[in-house]
Amino acid sequence: MSHEHHVNGRPSPRVIVAAVIVTAGRVLACERAAPPEVAGRWEFPGGKVEPGETDAQALARECAEELGVRVAVGDRVGPDVPLAHGRAVLRVFTVTLLNGDEPRALEHTAMRWLSADELDSVPWLPADRPIVAELPRLLAERPA
């Protein structure tokens, strides 16, 4: 059962969106609960863009589902990161929490707010590493 969109005869990559949520100079990291091969690894919250959704709509929905928060989606962070041998692409955005909402780990094992010097303290998923590399600069621009 393939529901892939085709561009010039080749399936266009699935877009996965993820959120860099910065509060008081720290970024939110989430520990995966499943599937088993990535459980215990850390990521930025997010998920697949569904047909008919914009990247921002998908990310807002995922933040509501995974963290129970309302958000405003901001600027891109880093480049597109190819996933699954080019079958998908990770696209990351800065996200601002609205209305004083506090994230809760609804679908993750745990979550932590990491400062710039704590970024290496968790085992990130490989796909998220290029984004992690962008964060010290981002955190410096958004001090507490």
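Residues numbered from 1 in each chain as written. Predicted model: local features only at pLDDT ≥ 70, side-chain atom pairs only at ≥ 80, totals over all residues. Heavy atoms only, no water.

Undergrad: Got a sec to walk through the environment of Val17? Specific residues and values, please.
TA: With respect to the helices and strands, the residue Val17 is situated in strand β3 (residues 14–23). What makes Val17 buried here is its relative accessible area of 0%. Considered as a pair, Val17 and His108 are 91 residues apart in the sequence and their alpha carbons are 16 Å apart. (Helix = DSSP H or I, 4+ residues; strand = E, 2+ residues; numbered from the N terminus. Buried < 20%, exposed > 50% of the residue type's maximum accessible area, 1.4 Å probe, protein only.)

Undergrad: Quick one: what's the story with the packing of aromatic side chains, residue by residue and with numbers?
TA: All told, the structure shown has one aromatic pair when counted by the stated rule. It is Arg76 that lies over the ring of Phe93; its NZ or CZ is 5.6 Å from the centre. (Phe/Tyr/Trp six-rings, centres within 6.5 Å; stacked < 30°, edge-to-face > 60°. Lys NZ or Arg CZ within 6 Å of the ring centre and 35° of its normal.)

Undergrad: Please set out the nonpolar core residue by residue, giving values where relevant.
TA: If you look at the biggest cluster of nonpolar residues, it comprises 23 residues, and the most contacted ones within it are Val20, Val27, Phe44 and Trp124. Going through the elements one at a time, β3, β4 (26–31), β7 (71–83), β8 (88–97), α2 (129–132) and α3 (135–141) are the ones with two or more residues in this core. Element by element, the count of residues in this core is highest for β3, at four residues. Val20 has contacts with Val27, Phe44, Val77, Val92, Phe93, Thr94, Val95, Ile131, Leu135 and Leu138, leaving out every residue within four places of it along the chain. (Core = buried A, V, L, I, M, F, W, Y, C linked by side-chain atoms within 4.5 Å. Contact = heavy atoms within 4.5 Å.)

Undergrad: Please set out the side chain of Glu43 residue by residue, giving values where relevant.
TA: Within the secondary structure, Glu43 sits in strand β5 (residues 42–43). A distance of 3.2 Å separates a polar atom in the side chain of Glu43 from a polar atom in the side chain of Arg32. With residues up to four places along the chain from it excluded, the contact list for Glu43 reads Ala29, Cys30, Arg32, His108, Trp124, Leu125 and Asp128. (Polar contact = N/O pair within 3.5 Å; in protein donor to acceptor, adjacent residues only side chain to side chain.)

Undergrad: I'd like a rundown of helix α1 (residues 55–67), residues and numbers included.
TA: End to end, α1 covers 17 Å across 13 residues, agreeing with the expected 18 Å (1.5 Å per residue, within 8%). All of the buried residues along α1 are Asp55, Ala58, Leu59, Glu62, Cys63, Glu66 and Leu67. Along the long axis of α1, the arc covered by the buried residues comes to 135°, so they all point the same way. The inward-facing, buried residues of α1 abut β3, β4, β6 (46–48), β7, β8 and β9 (110–114). Following α1 by one or two positions, Gly68 adopts a phi angle in the positive range, close to 70°. (Expected span 1.5 Å × (residues − 1). Arc of directions from axis to C-beta.)

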